Amino acid sequence: MKILMVCLGNICRSPIAEGVLKHKLDLAKLDWHVASAGTNGYHIGEAPHRFSQKVCKQHGIDISNQRARRFTKNDFEEYDVIYALAMDVYEEIRKIGGTHAPMHKVKMFLSELQEGSTASVPDPWYGDESGYLPVYQIIDQTCDAIVA
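Since this is a predicted model, take the numbers as computed values, not measurements.

### Some remarks on the nonpolar core
Here is step 1 of the chain: Among the nonpolar cores identified, the biggest contains 29 residues, and Met5, Ile16, Leu21, Leu85, Phe109 and Ile139 are the most heavily contacted of them.
Here is step 2 of the chain: At the level of secondary structure, the elements contributing two or more residues to this core comprise β1 (2–7), α1 (13–27), α2 (50–57), β3 (81–84) and α5 (132–147).
Here is step 3 of the chain: The leading source of residues in this core is α5, at 6 residues.
Here is step 4 of the chain: Contact partners of Ile139, with chain neighbours within four places excluded, come to Arg13, Ile16, Ala17, Val20, Leu85, Phe109 and Val121.
Here is step 5 of the chain: In this structure, Ala37, Tyr90, Ala101 and Val106 belong to the second largest nonpolar core, which totals 17 residues.

Right, dumping it as structure tokens:
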């Protein structure tokens, strides 16, 4: 199974989701491939946001080696499941994919907690450090559902 986590800039939400899911898959001894990307190119090549790294580190997960990259049309071929962490991200994935994109591969991340949900994981980028723990907790709970 190859899974791609996608948010806007690939420095806050999707790196946390990549790191948390990889950690849980290791514990469950599941050999799945997990990566992350962003729908815009603002942060290409950058490490995850320092607060994303910090909240993961506080939970025993090191995401410092991740580097932001942009979601591309080729990702539809590469991955079995593509998780959009927000509705605007889902719409951007659709635009990038074009008319014939296999959108059946794209799921809203939080739909793993509540089937059919179109809810978005809040973007902590716009606040201070205190916003990162609640985002981590939502992602952690959702990754548990994915592994289950």
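### Digging into unusual backbone geometry
Here is step 1 of the chain: A positive phi is found at Asn10, a non-glycine position, where the angle reads about 60°.
Here is step 2 of the chain: Looking at the secondary structure, you find Asn10 in the loop between β1 and α1.
Here is step 3 of the chain: The backbone phi angle of Lys29 is positive, close to 55°, even though this residue is not glycine.
Here is step 4 of the chain: Looking at the element boundaries, Lys29 is found in the loop between α1 and β2 (33–38).
Here is step 5 of the chain: Classification of Lys29 as exposed rests on a relative accessible area of 76%.

Cut-offs used in this document
Residues numbered from 1 in each chain as written. Predicted model: local features only at pLDDT ≥ 70, side-chain atom pairs only at ≥ 80, totals over all residues. Heavy atoms only, no water. Core = buried A, V, L, I, M, F, W, Y, C linked by side-chain atoms within 4.5 Å. Buried < 20%, exposed > 50% of the residue type's maximum accessible area, 1.4 Å probe, protein only. Helix = DSSP H or I, 4+ residues; strand = E, 2+ residues; numbered from the N terminus. Contact = heavy atoms within 4.5 Å.

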